[in-house]
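Descriptive structure summary
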Amino acid sequence: MKLTLDTHTIDACRRDARHIADAIKTELDPYSTVSVERTVLRMLGIDGVDAFDVPYVNVLVDHVKTHGDLRFGIAHHMAWAIARTTKTPQTIAKRVAEGAMSLGDYFEPTTPDYTVLTPFINQSFARIRTQRQHRETVLENHPAPSPEKYVIVATGNIHEDIDQALSAAARGADIIAVIRTTGQSLLDYVPYGATTEGFGGTYATQENFRLMREALDGYQRHHGRYVKLVNYASGLCMPEIAALGALERLDMMLNDSLYGIIFRDINMKRTLIDQAFSRVISGYAGITINTGEDNYLTTTDAFEHAHTVIASQFINERFAEHARMPATLMGLGHAYEIDPSVDNSFLYEIAQAQLSRQLFPDAPLKYMPPTKHMTGDIFKGTVQNALFNIACVTTKQQIHLLGMPTEAIHTPFMSDRALALANADYIYKAFKAFADSVDIKPGSLIEKRAHAVLDNARTLLDDIREEGLFVTLKKGTFAGVSRGENDGKGLGGVFKKHPLYTNPIMERMLAACEEDAS
Amino acid sequence: MKPLMRPYGDTLNDGKMQLSFTLPMEVGPKGEAVAKALCETMGVADATVVHSEALSEHFSFYILYGTLTHAVDSDAVEVRDIDTESMSKDDIEAYIDAHFDHPITFIGASTGTDAHTVGIDAIMNMKGFAGHYGLERYRHVKAINLGSQVDNETLLEEAIKHHADVILISQTVTQKDVHIHNLTAFIELLEAENRRDDFLLIIGGPRITHALAKELGYDAGFGPKKYAHDVASFAAQALVNKRSQSKR
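Here is a short report on the structure shown in this document.

**What about unusual backbone geometry?**
Across the junction of S146 of chain A and P147 of chain A, the peptide omega takes the value -5°, indicating a cis bond. Take P147 of chain A: it is sitting in the loop between α6 (118–141) and β2 (148–153). We note that R324 of chain A has phi near 60°; this positive angle belongs to a residue other than glycine. Mapped onto the elements, R324 of chain A comes out in the loop between α13 (306–322) and β7 (330–331). If you check the backbone angles, D46 of chain B has positive phi at about 50° while not being a glycine. Classification of D46 of chain B by relative accessible area gives exposed; the value is 63%.

Here is the structure:
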């Protein structure tokens, strides 16, 4: 099954996206954020919380704001302190938290000897590389299928989540996402330890990551099949969570360049700087990112705004390239959200899914199920999901986020998940060789629709290139939501770097990714 | 004869029902027996397990059909529903024209930690939902949508700032009754600030009913299959009623 597409239009879209993303990079390269700095500390091996449950990494960055000069970067301060005290980063963090030490006493406005950080960075990097190798080895023996069946757990209690995840795995789920508790994206710190209280989801913490990973690894040891784990590198702690996911071997991270801006009202500079670092970390750790274009269609009409999804996919692709991420890690997102009362809705969905497939041939596309037009009618919902599953398998999507018949009612029950998995399995079997057996008729409704969406995406990308991404976001082009350059949460955490600023973690990861690529 | 109500399968008063649920136990004859016993306890007689399967080693899923032995007198059942008439967009605009000398200001948000905007957007945004235009599209209506994760204090501040007539609150996440706590807290805030009577208060969401809204101290509640014109009809008429009451 193939659409005939105009390669000049596709090239023009990529050229525009390159301009758009590169302009943002140039504008934001002189800046860093508190969350980037906290991530550097985590990569130096700092873990734990103080007497008031404040993470040490927050304590240190806040401390440097008042007792040092954050413009030089946290690594600069740590390098001076380690060089002069010969203490480990963890000890320094504890001493600072206890008020027994001030980094200001060791700070010099000249370049420190960064090699004192090397042994600590080596440790984190070695752990991430080991985790990556483990994943690759297991997947070599038991390759991931296509599509991969992705389900969510969202009980709020990590132990209950584990029960639900293991049950889903037993029924054939390939990917488990632990939905975060509502509100976590706006926390400017990462909570600590195992948690049992959450609403509509479970806190993303390093310990929760570890517990779920351990349970899914246990499943793999017994059954041979590797079950991938997903969380959210998004919100105000985007790069920190990417780092924790890298350390604890998550396999996928929701990570969109624009989602937080549009849907969580997080400041655009903060989000774009944070996503740049978080993608470098995920790329280095071999973690597949999932972008969030599907969400645009939950607030605007999927038929009228289909081209905004394509345009955003091109932009997300370019931002991922900045992080030296190979296409095989770019889980670009889209969704099956056209109103079921529209004539030929299924054909339009096929057009969109096949278009995405052909525009990004090497990307493991993430395909989201119907949500907006799901109702309390679970029986009709099962049929909607069946059509979505057919669109998924016939257009060869990779990350198949299964729709639940109870989507509009509650976070999934164990049985909802089992029904959804059975629905998908049946359709995979029934449509196995379908895509290789049929052609899309030239000039047909499906092809015309795909051409129209691509042309509109190109026009939109031309406009964004002309006016700049910040202006586009102000205009509310994506998802019908308008955001200003200096509005939103987290702007206070953005700061301009000093000429001597260095982020040794980012530099080493980028260098390693470049080496991998060559 | 009393209008006694029982479920209908294919014959009046046959009481046929379908049930499905999960049990935290291994699938098998014992599980099926437990499932049937549960039905019996609910008053569902002669339950048949038409399908059972393992969800994992320790959980099993059942679909059953049975005969409900209970009946309900439908005359004795009370419904608390919106008592104002639902009008079309054109009629609402004409009604506001006739009864108000200023546009009606609606301010809306998905409050607390709730990140879902789908409900509030369906009511407020230009596009609306399922062919029903949103409040933004209405003449004589000023619609301000604050989006998601708005805390109660901010919502009240904004409502005062914009001289809102109507506050719309959307709640989608209902796990562990988080919506009840949040909605109650907003009423308490209004009362503490002595502002309860300044606004018409309307809540909405997939699990919201009018009865729940009244119980929590709101003026109205709208659940699934309610659109912008339902909300606007109620609001316009309720504001007129409120005005005539305060004049008396």
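Here the narrative resumes.
**Quick word on the sheet that holds strand β6 (residues 288–290) of chain A**
Residue and element names in this part refer to chain A. As summarised here, the arrangement of the 9 strands in space is β7-β6-β5-β4-β3-β2-β10-β9-β8, forming an open sheet in which the pairing is parallel. Looking along the sheet, the strands with just one partner apiece sit at the ends: β7 and β8 (333–335). Sheet topology note: the strand β5 (residues 252–254)/β6 ladder contains 3 bridges and is parallel. Residue pairing across strands places M252 opposite T288, the latter belonging to β6.

**Details of the interface of chain B and chain A**
Listed per partner, the contact involves 24 residues of chain B and 31 residues of chain A. A buried area of about 2100 Å², summed over both sides, lies between chain B and chain A, and 53% of it is on carbon and sulfur atoms. Summed over the three residues of chain B that lose the most area to chain A, namely L55, Q149 and Q175 of chain B, the buried surface amounts to 26% of that side. Counting across the interface, chain B meets chain A through 1 salt bridge. Across the pair E53 of chain B and R171 of chain A runs a salt bridge whose closest N-O atoms are separated by 2.6 Å. Among the elements that make up the side of chain B that touches chain A, the one with the highest residue count is strand β3 (residues 44–56) of chain B (4 residues).

**Let's talk about the sheet that holds strand β4 (residues 59–68) of chain B**
Residue and element names in this part refer to chain B. On the basis of which strands lie adjacent, the open sheet formed by 3 strands has the order β2-β4-β3 and antiparallel pairing. Both edges of this open sheet fall to β2 (16–23) and β3, since each of them pairs with a single strand only. For this sheet, the mean angle separating the axes of adjacent strands, direction not counted, is 15°. Pairing of β3 with β4 involves 9 bridges; the strand directions are antiparallel. Along β4, the bridge assignment pairs E53 with F61.

**Examining the pattern of salt bridges**
Under the criterion given, the structure shown has 38 salt bridges over all chains. For D251 of chain A, the salt bridge is made with R213 of chain A, and the minimal N-O distance between the two is 2.7 Å. Within this pair, whereas D251 of chain A is found in the loop between α9 (238–247) and β5, its partner R213 of chain A is found in helix α8 (residues 206–223), the two being separated by 38 residues in sequence. Residue classification places D251 of chain A among the buried positions, given a relative accessible area of 2%. By relative accessible area, R213 of chain A is classed as buried at 4%. Its salt-bridge partner being K89 of chain B, residue E93 of chain B comes within 3.1 Å of it at the nearest N-O pair. Within this pair, E93 of chain B and its partner K89 of chain B are both found in helix α2 (residues 89–99), separated by 4 residues, close to a single helical turn.

Conventions and cut-offs
- Residues numbered from 1 in each chain as written.
- Chains lettered and ligands numbered in written order.
- Predicted model: local features only at pLDDT ≥ 70, side-chain atom pairs only at ≥ 80, totals over all residues.
- Heavy atoms only, no water.
- Helix = DSSP H or I, 4+ residues; strand = E, 2+ residues; numbered from the N terminus.
- Buried < 20%, exposed > 50% of the residue type's maximum accessible area, 1.4 Å probe, protein only.
- Pairing = 2+ DSSP bridges.
- Contact = heavy atoms within 4.5 Å.
- Buried area = accessible area lost by both parts, 1.4 Å probe.
- Salt bridge = Lys/Arg side-chain N within 4 Å of Asp/Glu carboxyl O.
- Axes fitted to C-alpha atoms, helices over the stretch in contact; angles between N-to-C directions.

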